[in-house]
Amino acid sequence: MKVVLVRHGEPDYTLVTERGFKGHGRDLAQLTEEGIGQAIRVSRDSRLDGAELIVFSPYTRALQTAAIISRKRDLDISIELDLHEWLPDLTFSYSNDSEVIKAGKELEMHKGVYKENEKKNWEELSTVGNRAINSLKKYMDYNKIIVVCHGIVMRQFKFKKHIDYCGILEIDFHEGYTWGGWVEDK
């Protein structure tokens, strides 16, 4: 199956920050005007031609991006819980970007894996990769799907150091697809 991975458009955390939302509440952030424009532009990308379905992360920024692409492409959409963003804090109590950045640096320092006998609050990359891969296996009857998700989730399928908002990665997905492990930035 051909999978076209699309990163969501640029999010705006202003309203969720003003309201003091923490943890998953921050994932209710909508797209900026530029993010909406990015989603409209990516909906015209020829790499999406021939897709039969849009599958997406449950977070607002992915939902809004998928909805825009769906409207422009006249495709059905399907939400996939396990395509959600990497969890920087498994207690869901983070309240700002600096906490997420700190967790990300720690993740990178540990190459995505907890040290032996050590438990961190962030989600290991093997968990991100395996849950995302397993969530797509039910779509094997399709020839081509669009998957709207998050940069770190996309990198678990095919590594690219930086993925722009509404950036695209294409993969050939098959039943035996497995997580490739940590990849060094170059």
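What counts and how
Residues numbered from 1 in each chain as written. Predicted model: local features only at pLDDT ≥ 70, side-chain atom pairs only at ≥ 80, totals over all residues. Heavy atoms only, no water. Phe/Tyr/Trp six-rings, centres within 6.5 Å; stacked < 30°, edge-to-face > 60°. Buried < 20%, exposed > 50% of the residue type's maximum accessible area, 1.4 Å probe, protein only. Helix = DSSP H or I, 4+ residues; strand = E, 2+ residues; numbered from the N terminus. Core = buried A, V, L, I, M, F, W, Y, C linked by side-chain atoms within 4.5 Å. Contact = heavy atoms within 4.5 Å. Pairing = 2+ DSSP bridges. 1 Å grid on protein atoms, 1.4 Å probe; cavity = no way out; pocket = protein on both sides within 12 Å on 5 of 7 lines; lining within 4 Å. Points joined across faces, edges and corners; volume = space filled by probe spheres on them. Nonpolar A, V, L, I, M, F, W, Y, C, P; charged D, E, K, R; others polar.

(A) Geometry of the packing of aromatic side chains. As enumerated under the stated definition, the model contains five aromatic pairs in all. Consider the rings of tyrosine 139 and tyrosine 142, whose centres lie 6.2 Å apart with planes at 45°: the pair is tilted. Using a relative accessible area of 30% as the deciding quantity, one classes tyrosine 142 as partly exposed. Both rings, one in phenylalanine 157 and one in tyrosine 177, keep their centres 5.9 Å apart while their planes meet at 45°; by these two values the pair is tilted. On the criterion of sequence distance, the pair formed by phenylalanine 157 in the loop between helix H6 (151-154) and strand E7 (168-172) and tyrosine 177 in the segment after E7 is long-range, its members being 20 residues apart. Residues phenylalanine 157 and tyrosine 177 agree in their burial class; the two are buried. Site record: aromatic cluster; members linked through ring pairs are Phe157, Phe173 and Tyr177.

(B) Structural context of the nonpolar core. Core analysis: the biggest nonpolar cluster contains 29 residues, and Val3, Leu5, Leu136, Ile145, Val147, Phe157 and Phe173 have the highest contact counts within it. Every element with two or more residues in this core is listed here: strand E1 (2-7), helix H4 (97-109), helix H5 (125-136), strand E6 (144-149), H6 and E7. Sort the elements by how many residues they give to this core and H5 lands first, with five residues. If we skip the residues at most four places from it in the chain, phenylalanine 157 touches Leu5, Ala132, Ile133, Leu136, Ile171, Phe173 and Tyr177. Judged by nonpolar contacts, the second largest core, of 18 residues, contains Ala39, Leu48, Ala66 and Cys166.

(C) Summary view of the pairing of E1. Most of E1 sits out of view: five of its six residues are buried. Bridge count for E1 against E6 is six bridges, and the pairing is parallel. Bridge assignment links valine 6 to a residue of E6, and that residue is valine 148. Pairing analysis gives five bridges linking E1 to E7, with the strands arranged antiparallel. Its bridge partner lying in E7, valine 3 is registered against isoleucine 171.

(D) Molecular detail of the layout of surface pockets. Taken as a whole, the largest pocket holds about 1,000 Å³ of empty space. Lining the largest pocket are 35 residues, and of these Glu85, Trp86, Val100, Ile152 and Arg155 sit closest to its centre. Elements with a contribution of two residues or more to the lining of the largest pocket: H4 and H6. The element best represented in the lining of the largest pocket is H4, accounting for seven residues. Tallied by class, residues from the lining of the largest pocket come to 17 nonpolar, seven polar and 11 charged. Empty space within the second largest pocket amounts to approximately 160 Å³. As for the second largest pocket, its lining consists of Pro88, Asp89, Tyr94, Glu99, Val100, Lys102, Ala103, Glu106, Lys120, Asn121 and Trp122. Grouping the constituent residues of the lining of the second largest pocket by class yields five nonpolar, one polar and five charged.

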